[in-house]
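Listed below, chain by chain, are the residues.
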Amino acid sequence: MELRARGWWLLCAAAALAACARGDPASKSRSCGEVRQIYGAKGFSLSDVPQAEISGEHLRICPQGYTCCTSEMEENLANRSRAELETALLDSGRALQAMLATQLRGFDDHFQRLLNDSERALQEAFPGAFGELYTQSAKAFRDLYTELRRYYRGANLHLEETLAEFWARLLERLFRQLHPQLLLPDEYLDCLGKQAEAPRELRLRATRAFVAARSFVQGLGVASDVVRKVAQVPLGPECSRAVMKLVYCAHCLGVPGARPCPDYCRNVLKGCLANQADLDAEWRNLLDSMVLITDKFWGPSGAESVIGSVHLWLAEAINALQDNKDTLTAKVIQGCGNPKVNPQGPGPEEKRRRGKLALQEKPPTGTLEKLVSEAKTQLRDAQDFWISLPGTLCSEKIAMSAASDDRCWNGMAKGRYLPEVMGDGLANQINNPEVEVDITKPDMTVRQQIMQLKIMTNRLRSAYNGDDVDFQDASDDGSGSGSGGGCPDDVCGRRVNKKSSSSRTTLTHALPGLSEREGQKSSAASCPQPHPSLLLLLLTLVLSAARPRWR
């Protein structure tokens, strides 16, 4: 009898504690004033809120204890909690986008300024030094700078071919100037261009410098674009239910002062953002490759030196041609035959004007060093953006409890949260206790952005070796690629197979957000833009078919 009484007492005590935890009116009478205040602050009608707690059998998300929330209130608060989390995601993405956009503008302005200053210096110095050769070729010089700008901004150009075509036009003018007495039909001029190609070192230096600058700025644009698109991925219904339970169910059950337990909040957001976390590996690869490519900005063959001194290496090449005019003439005649003499032309004895230009390279201003230093710091800080997002949002947006103790909200009541915290990414959510996640159905928008990160990383790694992945000649075995040995395997992974130049891609890689600036609309418009899905399919096939190898 005594044992039975003691058991009954324990049972009653347990029932009383449970009733107290869930706000049972039997334990104490409670009004819904605090819920009314919160609900009204969210812009909802206060007429929806009951004056006192009601039975919670109608609740579909929150625990079904006594409650201050009607079905309509629960639905409204669920929609609001989803919208608030989506806004928080957009805000976090905007902050990162703003950083990337600031970096992009800084680097783009610097590289454009280098090229503009070089063209201005050429226009000032060449007429006096080269006279008729420059005046007859002024359009060719202007066109060269236009093509260099277009290439830098992502136009589908083969830069080495562009330089070769410019060189052939310049040689025609120079050869006519050196030999005004000769008849030079188009067929002979075509042969002339083949006999005296643009200096290989000139072509290599220009290609490596421009592809390094272009790929780095493109990387900033692609990273920003990925953040923007992923931040717009809608939250699923299971996530919406879990976020409602996390943020507002404590209010409905009459414990509004209980803030979410830290591990509980992390599990909810790790489940909600499981797909986003899968960006982590390729995101890190991209940012690592961007930091690495900045090594190619320095030195005599670096982007800053080469882009800012286009006029200098053009002057050096023209000086070398004029100094070796007899050798040039002999080589052309040997390869193309003796041209006919023009009886109407001036005699060979007539002296033609010949200039020699010596220019000094301007010392670096330090602007690029400052830009690179800031970019490296910020890119490294952003590396764990995707996997740190749940913790960041819990700390900054959801006002979780400072500690996991008996006073925090665990999803059911005030009390300690016992489940372990899940790992990052979709595959690790199979046993998430808070969000039901189908790990067999990854979000396609996120998967497409993972592919974009892979493609851009491949471009950066090729650029590190001086290669433009759009125009790689399979017959080029990498000889003459200069010192440095290419991208380290432990940093960049395996080498990438090169595509034949005979099957050049028609893809363009314009810098995101820059096509309208500085009057470049016409340039961007002239480049064909394939359908995005076709682009992804084509590049996916190329990447999967080619085993990566590094030059």
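Residues numbered from 1 in each chain as written. Predicted model: local features only at pLDDT ≥ 70, side-chain atom pairs only at ≥ 80, totals over all residues. Heavy atoms only, no water.

In the nomenclature of an unreviewed UniProt entry, the chain corresponds to Glypican-1 from the organism Equus caballus. Of the chain, the UniProt comment under Sequence similarities (unreviewed entry) reads exactly: "Belongs to the glypican family." (UniProt positions renumbered as here; feature names shortened; annotations may be inferred.)

Chemist: I'd love a proper account of the side chain of Gln429, names of residues and values included.
Modeler: Inspection of the secondary structure puts Gln429 in the loop between α17 (385-396) and α18 (444-464). Residue contacts for Gln429: discarding those within four places in its chain leaves Lys270, Gly271, Ala274, Met422, Gly423, Asp424, Val437 and Ile439. (Helix = DSSP H or I, 4+ residues; strand = E, 2+ residues; numbered from the N terminus. Contact = heavy atoms within 4.5 Å.)

Chemist: So, the state of the cysteines: which residues are in play, and what are the values?
Modeler: In this structure the tally under the stated criterion is seven disulfides. Here Cys191 pairs with Cys336 through a disulfide, and the sulfurs are 2.0 Å apart. Across the disulfide from Cys191 to Cys336, rotation about the S-S bond amounts to roughly -95 degrees, and the bridge is consequently left-handed. A residue pair is termed long-range when its members are at least 10 positions apart, and Cys191 in helix α6 (residues 186-195) and Cys336 in helix α15 (residues 325-336) qualify at 145 residues. Judged on exposure class, the residue Cys191 and its partner Cys336 are both buried. (Disulfide = S-S within 2.5 Å. Buried < 20%, exposed > 50% of the residue type's maximum accessible area, 1.4 Å probe, protein only.)

Chemist: Residues and numbers for the environment of Trp313, please.
Modeler: Here Trp313 is to be found in helix α14 (residues 310-323). The class for Trp313 is buried, based on a relative accessible area of 5%. For the pair formed by Trp313 and Leu202, sequence separation is 111 residues and the distance between their alpha carbons is 7.5 Å. Excluding residues that lie within four positions of it along the chain, Trp313 makes contacts with Leu163, Leu202, Arg205, Ala206 and Val306.

Chemist: Explain the nonpolar core residue by residue, including any values.
Modeler: Core analysis: the biggest nonpolar cluster contains 141 residues, and Phe107, Phe111, Phe126 and Trp283 have the highest contact counts within it. For this core, the element with the most residues is helix α3 (residues 71-130), which contributes 19 residues. Leave out the neighbours within four places in its chain, and Trp283 touches Leu96, Leu100, Ala223, Val227, Ala382, Gln383, Phe385, Trp386 and Leu453. (Core = buried A, V, L, I, M, F, W, Y, C linked by side-chain atoms within 4.5 Å.)

Chemist: Can you break down the environment of Leu184 residue by residue, with the values?
Modeler: Position of Leu184 among the secondary structure elements: in the loop between α5 (159-178) and α6. Look past the residues within four positions of Leu184 in its chain and what remains in contact with it is Phe175, Arg176, Leu189 and Pro339.

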